[in-house]
Amino acid sequence: MSFNLTDRQQRILWATVRHYITTAEPVGSKALVDEYNLSVSPATIRNAMGVLEKAGLLYQPHTSAGRVPSDSGYRIYVDQLITPSEKLAGKVEQVLDQLNWSDGRMEALLRGAAQILATVSGYIALITLPQAHTGSLRHIQLVQIDPKQIMLIVVTDGYETQSVLMQLPEAKNRENGEIIGSEDVELVDRELQILSNFLNSQLRGRSLSELSLLDSGELGREFERYVELLKTVLSDLSRQAQTPAYTRILISGLAEALRLPEFSQLQQFQTIIHLLEQEQEQLWPLIFASGGSETSGKRVKVRIGSENPLELIRSCTLISSTYTRGTVPVGSVGVLGPTRMVYENAIAVVEATADYLSEAIGGS
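Computed from a predicted structure; not experimentally measured. (Residues numbered from 1 in each chain as written. Predicted model: local features only at pLDDT ≥ 70, side-chain atom pairs only at ≥ 80, totals over all residues. Heavy atoms only, no water.)

Before going further, it helps to spend a moment on the pattern of salt bridges. Applying the stated criterion across every chain, the model contains 10 salt bridges. Glutamate 351 is the partner of arginine 299 in a salt bridge, and the nearest nitrogen-oxygen pair spans 3.1 Å. Taken as a pair, arginine 299 in the loop between α11 (280–288) and β8 (301–304) and glutamate 351 in helix α12 (residues 343–362) lie far apart in primary sequence, 52 residues in all. Ionic pairing is found between arginine 299 and aspartate 355, a salt bridge with its closest N-O pair at 2.7 Å. Taken together, the residues arginine 299 in the loop between α11 and β8 and aspartate 355 in helix α12 connect sequence positions 56 residues apart. Classification of arginine 299 by relative accessible area gives partly exposed; the value is 43%. Under the relative-accessibility criterion, aspartate 355 is labelled partly exposed at 32%. Through salt bridges with shared partners, a single ionic network connects Arg75, Asp79 and Glu307. (Salt bridge = Lys/Arg side-chain N within 4 Å of Asp/Glu carboxyl O. Helix = DSSP H or I, 4+ residues; strand = E, 2+ residues; numbered from the N terminus. Buried < 20%, exposed > 50% of the residue type's maximum accessible area, 1.4 Å probe, protein only.)

Shown next as structure tokens:
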């Protein structure tokens, strides 16, 4: 839904959201006149707030109360009216620099990063562990298992292995196309070694998600029987690498969240704790999501209230961004808090943390 707001309406919406974020109290025209230099009368502000309410950007929780932002109002505020805080982003990077990445204890380091993110933002911090299968290719080998089967072995830069068992393609006479009944084991071994060398020269250093980018044009006719099978298997491995696999989410900041009035009701907060601790698999796809219409084209994804597909957090805002190894997303950083969030700060710290982790992990 698009809104064509005048400059005055934008300023009043900005002031209303800013005041509500600060006070957690419904906002009236008098408060805006007293605290913001809007250069207009209270009557003009009331009229503009009425227009914003009709547009669905503000609403009154009670008949006699002031207005509070709706999810749509927050969306306009985030997309059009604020800029993430560069000062706070710099502060986060300075604090993260104090972590010792040289000792290689990845989970402990990410827990430290989550604690820093929670402390600086004031919200619940969520960091997923890196996905193992998103590494780059270190070595690939084709091995004959028996006269009918061969195995493709893939080794990543993290020394993790994947293997695929395949039927050995039938050998055909090059003159008449007839199938040759028996296999020469030594010949097959030589062919597989040549193929392995070729695959390594083509694919070493690529991410697993790029394994399907095999150019077989340089292979001679004697390898034709292997080509289609290899392309199929490598494409399957590539698709698997592009599908994020669930990994554990490290959580910090529950104590900070308890100070927020939105989480003061114990039952509601217990529901969120249960989700974070017992049902992470529901939350994980939202944290790791690399796209979404609600923030199309932006690195940091902001899901506000009802934009969250998960009903348990539709009273919350989830802000997330992926961290990468090279160009491949391997994990995610996020904060979860009420929709009444200091967005310019939360977006800045999430983006800064994701950038920092990308650099740290890429150089590890």
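Past the structure itself, the notes keep going.
Below, the discussion takes up the nonpolar core. Among the nonpolar cores identified, the biggest contains 85 residues, and Leu13, Leu32, Leu126, Leu283, Ile319, Leu336 and Tyr343 are the most heavily contacted of them. The leading source of residues in this core is α12, at 12 residues. Counting residues in each nonpolar core, the second largest holds 25 residues, with Leu152, Leu192, Leu199 and Leu214 among its members. (Core = buried A, V, L, I, M, F, W, Y, C linked by side-chain atoms within 4.5 Å.)

A few words on the packing of aromatic side chains. Counted according to the given criterion, the structure contains five aromatic pairs. Between tyrosine 77 and tyrosine 343, the ring centres sit 6.5 Å apart and the planes meet at 65°, which makes this aromatic pair edge-to-face. Separated by 266 residues along the polypeptide, tyrosine 77 in helix α4 (residues 71–81) and tyrosine 343 in helix α12 bring together distant segments of the chain. Since its relative accessible area comes to 0%, tyrosine 343 is described here as buried. Cluster of aromatic residues (ring-pair linked, three or more members): Tyr74, Tyr77 and Tyr343. (Phe/Tyr/Trp six-rings, centres within 6.5 Å; stacked < 30°, edge-to-face > 60°.)

By themselves, these are just geometric observations and shouldn't be taken as functional.
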